[in-house]
Amino acid sequence: MPDNERWVALGAGDLDAHPESANMGPVELDSERRSPAASARPSAPNPAGREQTEPLNRTRRTHAKKRLVIHAGVHRTGTTAIQETLSGNREFLASKGISYPVDFAAGGQETDGAARSKNHLHLAFALQRKEFDAERVRDWLTSATSDSWKIILSAAEFSLLEDLYFLEPLLDAFDIEAVFYLRRQDDWINSWYNQHIKWPFDETLAATTPLQFLDYIDRFHWLRYFDTLERWERVLGRQNVHVRVFEKEQVADAVADLFEICGVPPPPAPHRTNESAPASQLELLRRLRLIRHSDDARMVVLDALGRLAAPPSTNAYPATIRRLIYQRYSIQNEKVARVYLNRSDGVLFRDTNFPDDTPCIDGSAALDETMLLALIENLIDIAVSSRAG
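Residues numbered from 1 in each chain as written. Predicted model: local features only at pLDDT ≥ 70, side-chain atom pairs only at ≥ 80, totals over all residues. Heavy atoms only, no water.

Topic: the sheet that holds strand β2 (residues 98–99)
Line of reasoning, step 1. A sheet is described by the order of its strands in space; here 5 strands give the open sequence β2-β3-β1-β4-β5, paired in parallel fashion. Among the strands making up the open sheet, the edge pair consists of β2 and β5 (241–245).
Line of reasoning, step 2. Most of the contacts of helix α11 (residues 225–236) go to strand β4 (residues 174–182), to which it runs at about 175 degrees, and overall it touches β1 (66–71), β4 and β5. (Pairing = 2+ DSSP bridges. Helix = DSSP H or I, 4+ residues; strand = E, 2+ residues; numbered from the N terminus. Contact = heavy atoms within 4.5 Å. Axes fitted to C-alpha atoms, helices over the stretch in contact; angles between N-to-C directions.)

Given below as structure tokens:
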């Protein structure tokens, strides 16, 4: 696709579907798109990036049903930190009557308990493939959490599910609430590209330049946040879909926030994990094609790169492209702000600043020879240290 056509398509997004909304006037929702249980709006606008709800455990414990909290992502909003904190504090949570059960669904080569204890990724993928019916999930949740009155499941992959067939049958046994953290889409794309290069898991995307990566933007359907939230609302009701805006001035610490809405204090540990690689290292990592190598080999390369001095910026896209991505989802974002956060101004993301650097996005820049030689030196040092040990 020629670049001029690519930019037009990139920025169109919601405006193609809603040309009448191009001027960003008030958005009226058709009545048939509201769920029967959707009348429970927050009572006042919420500038803090979350609806004003009571912590989930303030419901009386005499309630007949257990409470099931599904942390559904999206990716790159502190999900790894949330999951490591939850899995690392099971005893503490259990003392509060909260269970974070080990995933019962095995996936690929990751069938060991350590991998399945961290999150519920395999369950989400199994549900996507419709390998389990709701009764099997209900039986697992009931048996694995017999001593608890509240259950937390966490996987960003829950936000990818387009068929929520398993949810409604579970409502007979559980009061279900879903929690979503939303990141500005251009920032999310930047971070998701970084993830695919630093720790790749898709053969096609792992080979792309930042520019080529944008050709696959329609794969990421969950970035149409209103559509994603509305899908869950149809089953759970609006009052049970909790929306958090992941940015510095709204919700900067997703770990502390999730613990807060569950009614327990977060452990006093740092919550920064799975951070993006410096943008200056991405092209070298892309050409190394880490997807061909084992996790251990990847860790060695990232360790060696991590020892290098590098500019802190993780930005892979110029401001012009970021603005187009942001515009692409403008109508979706306005609907989320109005419907789920009761904001009359329709503004979901308060931070509208864009990086002012101009990175190369087409892979045409020559590799930094100094960085490459330093990487080789570090790899040699690591190999020598390993042999000596």
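Brief notes about the packing of aromatic side chains
Line of reasoning, step 1. One pass over the structure, following the stated rule, counts 14 aromatic pairs.
Line of reasoning, step 2. For Arg 184, the ring lying beneath its charged end belongs to Tyr 326, and the centroid distance is 5.5 Å.
Line of reasoning, step 3. Over the ring of Trp 199 we find Arg 298, and its NZ or CZ is 5.1 Å from the ring centre. (Phe/Tyr/Trp six-rings, centres within 6.5 Å; stacked < 30°, edge-to-face > 60°. Lys NZ or Arg CZ within 6 Å of the ring centre and 35° of its normal.)

Let's talk about the nonpolar core
Line of reasoning, step 1. Judged by nonpolar contacts, the single largest core of 77 residues is most densely connected at Phe 158, Ile 189, Phe 220 and Trp 232.
Line of reasoning, step 2. Aside from chain neighbours lying at most four places away, what touches Phe 158 is Ile 70, His 71, Ala 72, His 120, Leu 123, Ala 124, Leu 127, Leu 153 and Trp 232.
Line of reasoning, step 3. If you look at the next biggest cluster of nonpolar residues, it comprises 19 residues, including Val 69, Val 179, Val 251 and Leu 258. (Core = buried A, V, L, I, M, F, W, Y, C linked by side-chain atoms within 4.5 Å. Buried < 20%, exposed > 50% of the residue type's maximum accessible area, 1.4 Å probe, protein only.)

What to know about the pairing of β1
Line of reasoning, step 1. Along β1, 5 of the 6 residues are buried, which leaves the element largely enclosed by surrounding structure.
Line of reasoning, step 2. One ladder, built from 6 bridges, connects β1 with β4; its direction is parallel. Residue pairing in the sheet places Lys 66 in a bridge with Phe 174 of β4.
Line of reasoning, step 3. One ladder, built from 5 bridges, connects β1 with strand β3 (residues 150–154); its direction is parallel. Considered in β3, the bridge of Ile 70 is made with Leu 153.

Observations concerning a nonpolar patch on the surface
Line of reasoning, step 1. Taken together, Leu 367, Leu 372, Leu 373, Ile 376, Ile 380 and Val 384 make up a surface patch of nonpolar side chains, about 480 Å² in accessible area.
Line of reasoning, step 2. Among the secondary structure elements, Leu 367 is positioned in the loop between α16 (330–340) and α17 (369–388).
Line of reasoning, step 3. Given the relative accessible area of 32%, Leu 367 is considered partly exposed. (Patch = residues over 30% accessible without salt bridge, like charges linked within 9 Å, V, L, I, M, F, W, Y side chains within 5 Å. Areas by Shrake-Rupley, 256 points an atom, 1.4 Å probe, with all protein chains shown as cover. Salt bridge = Lys/Arg side-chain N within 4 Å of Asp/Glu carboxyl O.)

Structural notes on the packing of helix α14 (residues 295–306) against α17
Line of reasoning, step 1. Running from amino to carboxyl end, α14 crosses α17 at an angle of 120 degrees, the nearest separation of the two axes being 9 Å. It follows from the interaxial angle that α14 and α17 lie oblique. In the crossing of α14 with α17, the sense of the turn from one axis to the other is right-handed. Between α14, through Val 300, Val 301, Asp 303, Ala 304 and Leu 305, and α17, the contact on the second element is made entirely by Leu 375, Asn 378, Leu 379 and Ile 382.
Line of reasoning, step 2. When grouped by side-chain class, the residues that make up the contact of α14 with α17 number 7 nonpolar, 1 polar and 1 charged. (Parallel < 35°, antiparallel > 145°, perpendicular 65-115°, else oblique. Left-handed = near helix turned anticlockwise from the far one by under 90°. Nonpolar A, V, L, I, M, F, W, Y, C, P; charged D, E, K, R; others polar.)

Quick look at helix α9 (residues 185–198)
Line of reasoning, step 1. Its 14 residues place the ends of α9 19 Å apart at the C-alpha level, agreeing with the 20 Å of an ideal helix rising 1.5 Å per residue.
Line of reasoning, step 2. Of all the 14 residues making up α9, 13 are buried; the element is thus mostly covered by neighbouring parts of the structure. (Expected span 1.5 Å × (residues − 1).)

What about helix α7 (residues 134–144)?
Line of reasoning, step 1. Among all positions of α7, only Ala 134, Val 137, Trp 140 and Leu 141 are buried. On an axial view of α7, the arc spanned by its buried residues comes to 130 degrees, and they lie on one face.
Line of reasoning, step 2. The secondary structure elements touched by the buried residues of α7 are β1, α6 (121–128), β3, α8 (167–170) and β4. (Arc of directions from axis to C-beta.)

Re the environment of Glu 233
Line of reasoning, step 1. Looking at the secondary structure, you find Glu 233 in helix α11.
Line of reasoning, step 2. Through-space distance from the C-alpha of Glu 233 to that of Glu 177 is 9.8 Å; in sequence the pair is 56 residues apart.

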